[in-house]
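What follows is each chain in one-letter form.
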Amino acid sequence: MVQYPFITSAPGKVILFGEHSAVYNKPAIAAALSLRTYLLVTKNSDPNDDYIYLEFPDIKLSHKWKMSEMPWELTTHEQGRPPEGEELNAELVNGLTTMLTTITSPLHYSAAYCFLYLFLSLCNGEIESGLTFTVRSTLPIGAGLGSSASISVCLASALAYIGGHIKNATLDKSSKIIKDSDECLFVDAWSYMGEKCIHGNPSGIDNAVATHGGAVMFQRMANSMPSVRTSMRNLPSINLLLTNTKTPRRTADLVSNVARVVNDFPKSTGCILESMEAIAREAYNLMLRPFFDNDSKVRLMELIRINHGLLVALGVSHPNLERIKLYCDELKIGETKLTGAGGGGCAITLLNENITQDTYDELNAKFEQHGFQTFKTTLGGKGVGLLMNPSKEFSEYLSVESFVNFKTTNEIETSIGCSSVESWKYW
Ligand SMILES: Nc1ncnc2c1ncn2[C@@H]1O[C@H](COP(=O)(O)OP(=O)(O)O)[C@@H](O)[C@H]1O
Ligand SMILES: C[C@@](O)(CCOP(=O)(O)O)CC(=O)O
Ligand SMILES: [Mg+2]
């Protein structure tokens, strides 16, 4: 019996090498961020409430559907756990269109579609109605830091839990074992379906990192073979500056533009994708060297520069990303590349040693002129987590109203006791 309320949470990610080429089955390297998404699931006390509710205030979406009007007949649940597939269920996709007709903004549509697809796939008509799903994120949305994957992982884990397909998370932070749990593999597979709803053709790297946390070398395989995910433990402590252009864009658009270029220029772009593969492999070897010395760092920086150039060639940069790179180059701050799908969103800069405070101040002044925002974040955080029965101190904040009304990201985390390590459990 599921106890409400509860919260699931999953991190965003930063792709260090291999965005876009990952979609073409090339290896890529990414790490979980300390910025996260939180999904609160509450049950209202009216037993006759036939609705389920979505409250996604970060994107200003508030919506409800009647449980009794959902196309339950399109999903089969007789065999217990729904099978994890490679492709979306075409009949369900078709059946959901009528439930989404009133939602016109693409931002809202993809989030609602992801929710409904996972809801119908992982739950059945017999679960309680009157549930509200409220999402808040400390991640910027549509900025290349994997907000779509982190919401997919939050939804997949919560719905798999409600649907009875995964058991309660029990491991605390320190005892999270190295081996992948069955629950995490299930959540990873279903959040991949959620990512498909949001941007069509994901590689799976973002949801893998959001589920398992840490840092990975990831490669999707051809012909429905399972992806290969290698955890990268003991990452060298590299000093990264993360800068958000605040230029909005959708991953779905960028991925489909690259698909067009790759299709129109197969030979020329084939070489670009192969170069990206070589870069990711060389970076992997460098980062896992037992002694990550200054020479290794210098090489890594060169790989960052080359990788960015190749992404520019694929057409996924943006004048604002180039501005960040230009300022960092001019001030000799370090090497910069876009991260995530590009077209706006964020850039990462691997910083040189011994940069003076004056130089940082000068850089920040330039960034401020354009409204760019820099982030301090740590790499390699925890994957998907569950918060139930929080201590009394925090439980008063587990209501839809307080979740919706949190003003700052700091407020979200201090109010629900995120840093209170013993409250969170992991699968
Ligand atoms: N906190 C959130 N609330 C609601 N929807 C979200 C949230 N975070 C992400 N999304 C969904 O993910 C989409 C953004 O995904 P995407 O274009 O892949 O950008 P990114 O993953 O780089 O942030 C949004 O349009 C929305 O549908
Ligand atoms: C462009 C891509 O490599 C990463 C997209 O990441 P994001 O949605 O921009 O955070 C696509 C993918 O790997 O699924
Ligand atoms: Mg995304």
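All figures in this text were calculated on a predicted structure; none of them were measured in a lab. (Residues numbered from 1 in each chain as written. Chains lettered and ligands numbered in written order. Predicted model: local features only at pLDDT ≥ 70, side-chain atom pairs only at ≥ 80, totals over all residues. Heavy atoms only, no water.)

Engineer: Before we move on, could you go through the overall build of the chain and cite the residues and values that matter?
Structural biologist: Helix and strand counts for the chain come out as 13 helices and 13 strands. Scaling as 2.2 N^0.38, a compact globule of 427 residues should have a C-alpha radius of gyration of about 22 Å, and the chain matches this with 21 Å. Judged by the C-alpha coordinates and their principal axes, the chain covers about 65 × 50 × 40 Å. In the chain, the proportion of contacts linking residues at least 24 apart, taken out of those at least 6 apart, comes to 76%. One finds the centroid of the 37 positive side-chain charges in the chain at a distance of 4 Å from the centroid of its 45 negative side-chain charges. (Helix = DSSP H or I, 4+ residues; strand = E, 2+ residues; numbered from the N terminus. Rg over C-alpha atoms; globule rule 2.2 N^0.38 Å. Contact = heavy atoms within 4.5 Å. Lys, Arg positive; Asp, Glu negative; His and termini not counted. Charge placed at Lys NZ, Arg CZ, Asp CG, Glu CD.)

Engineer: Run through helix H3 (residues 147–162), naming residues and quoting values.
Structural biologist: For H3, with 16 residues, the first-to-last C-alpha span of 22 Å sits near the 22 Å given by 1.5 Å per residue. With respect to burial, H3 is a largely interior element, 16 of its 16 residues being buried. Following H3 by one or two positions, glycine 164 adopts a phi angle in the positive range, close to 80 degrees. (Expected span 1.5 Å × (residues − 1). Buried < 20%, exposed > 50% of the residue type's maximum accessible area, 1.4 Å probe, protein only.)

Engineer: So what's going on with the packing of aromatic side chains? Which residues, and what values?
Structural biologist: With the rule as written, the count across this model stands at 15 aromatic pairs. Ring geometry for tyrosine 327 versus phenylalanine 367: centroids 6.4 Å apart, planes at 50 degrees, classification tilted. Here tyrosine 327, found in helix H9 (residues 319–330), pairs with phenylalanine 367, found in helix H10 (residues 357–370); they are 40 residues apart in sequence, far enough to count as distant. Note on accessibility: tyrosine 327 and phenylalanine 367 belong to one class, buried. For the pair tyrosine 397 and phenylalanine 406, a centre-to-centre distance of 6.4 Å together with 35 degrees between the ring planes defines the contact as tilted. By relative accessible area, tyrosine 397 is classed as partly exposed at 29%. By the ring-pair criterion, three or more aromatic residues cluster together here, those being Trp65, Trp72, Phe115, Phe119 and Phe133. Here the basic side chain of lysine 64 rests over the ring of tyrosine 51, its NZ or CZ set 4.4 Å away from the ring centre. The ring of tyrosine 426 carries lysine 382 above its face, with NZ or CZ at 5.3 Å from the centroid. (Phe/Tyr/Trp six-rings, centres within 6.5 Å; stacked < 30°, edge-to-face > 60°. Lys NZ or Arg CZ within 6 Å of the ring centre and 35° of its normal.)

Engineer: I'd like a description of unusual backbone geometry, backed by residues and values.
Structural biologist: A cis amide bond, omega -5 degrees, links tyrosine 4 with the succeeding residue proline 5. The topology assignment puts proline 5 in the segment before strand S1 (6–17).

Engineer: Give a description of the nonpolar core that names residues and reports values.
Structural biologist: Phe6, Trp65, Phe115, Phe119, Leu159 and Ile162 are the most contacted members of the largest nonpolar core, which has 62 residues in total. No other element matches helix H2 (residues 106–122), which puts 11 residues into this core. Listed in part, the 54 residues of the second largest apolar core include Phe17, Ala31, Leu300 and Leu303. (Core = buried A, V, L, I, M, F, W, Y, C linked by side-chain atoms within 4.5 Å.)

Engineer: Give a detailed account of the pattern of salt bridges, specifying residues and quantitative values.
Structural biologist: Scanning the model with the defined rule gives 15 salt bridges in all. Salt-bridge contacts for glutamate 302 lead to arginine 305; the nearest nitrogen and oxygen are separated by 3.2 Å. Note that glutamate 302 and arginine 305 are positioned in helix H8 (residues 294–313) at a spacing of three residues, about one turn of the helix. The class of glutamate 302 is partly exposed, set by a relative accessible area of 37%. The partly exposed category is assigned to arginine 305, whose relative accessible area is 34%. Within this structure, Lys26, Glu277 and Arg281 form a network of salt bridges that share partners. (Salt bridge = Lys/Arg side-chain N within 4 Å of Asp/Glu carboxyl O.)

Engineer: Tell me about the site of ligand 2, and name the residues and values.
Structural biologist: Contacts to ligand 2 come from 17 residues, most closely from Lys13, Gly146, Ser203, Arg249 and Thr251. In the model, an oxygen atom of ligand 2 is placed 3.0 Å from a nitrogen or oxygen of the histidine 20 main chain. Here glycine 146 contributes a backbone N or O atom positioned 2.9 Å from an oxygen atom of ligand 2. Relative to its free-state accessible area of 380 Å², ligand 2 is covered by the protein chains to the extent of 98%. When residues of the shell around ligand 2 are traced back to their parent elements, those giving at least two are S1 and helix H5 (205–212). Classifying every residue of the shell around ligand 2 gives six nonpolar, seven polar and four charged. (Near = heavy atom within 4 Å. Polar contact = N/O pair within 3.5 Å; in protein donor to acceptor, adjacent residues only side chain to side chain. Areas by Shrake-Rupley, 256 points an atom, 1.4 Å probe, with all protein chains shown as cover. Nonpolar A, V, L, I, M, F, W, Y, C, P; charged D, E, K, R; others polar.)

Engineer: Go over the site of ligand 1, please, and point to the residues and values.
Structural biologist: Lining the immediate surroundings of ligand 1 are 22 residues, of which Ser110, Gly142, Gly144, Ser147 and Thr251 lie closest. Here serine 147 contributes a side-chain N or O atom positioned 2.6 Å from an oxygen atom of ligand 1. The separation between an oxygen atom of ligand 1 and a polar side-chain atom of serine 148 is 3.0 Å. Where the shell around ligand 1 is concerned, the elements lending two or more residues are H2, strand S5 (131–137), H3 and helix H4 (182–199). Class assignment for the residues of the shell around ligand 1 results in 10 nonpolar, nine polar and three charged.

Engineer: Go over the packing of helix H6 (residues 251–264) against helix H7 (residues 266–287) with me, naming the residues and quoting the values.
Structural biologist: The N-to-C vectors of H6 and H7 enclose an angle of 120 degrees; their axes lie 6 Å apart at closest approach. Considering their axes alone, H6 and H7 lie oblique with respect to each other. Of the residues in H7, those in contact with Val261, Val262, Asn263 and Asp264 of H6 are Pro266, Thr269 and Leu273. The residue inventory of the contact of H6 with H7, partitioned by class, reads four nonpolar, two polar and one charged. (Axes fitted to C-alpha atoms, helices over the stretch in contact; angles between N-to-C directions. Parallel < 35°, antiparallel > 145°, perpendicular 65-115°, else oblique.)

Engineer: Let's hear about the sheet that holds strand S11 (residues 373–375): which residues, and what values?
Structural biologist: Taken together, four strands build an open sheet; the order of strands is S9-S10-S8-S11 and the sheet is antiparallel. Both outer strands of the open sheet, strand S9 (334–338) and S11, are each paired with one neighbouring strand and no more. Across this sheet, the average inter-strand angle for adjacent strands is 25 degrees, counted without regard to direction. Bridge count for strand S8 (residues 240–244) against strand S10 (residues 346–351) is five bridges, and the pairing is antiparallel. Of the residues in S10, the one forming a bridge with leucine 241 is threonine 349. Against the sheet, H9 engages S8, S9 and S10, with an angle of about 175 degrees to S9. Contacting S8, S10 and S11, H10 runs over the sheet at an angle of about 20 degrees to S8. (Pairing = 2+ DSSP bridges.)

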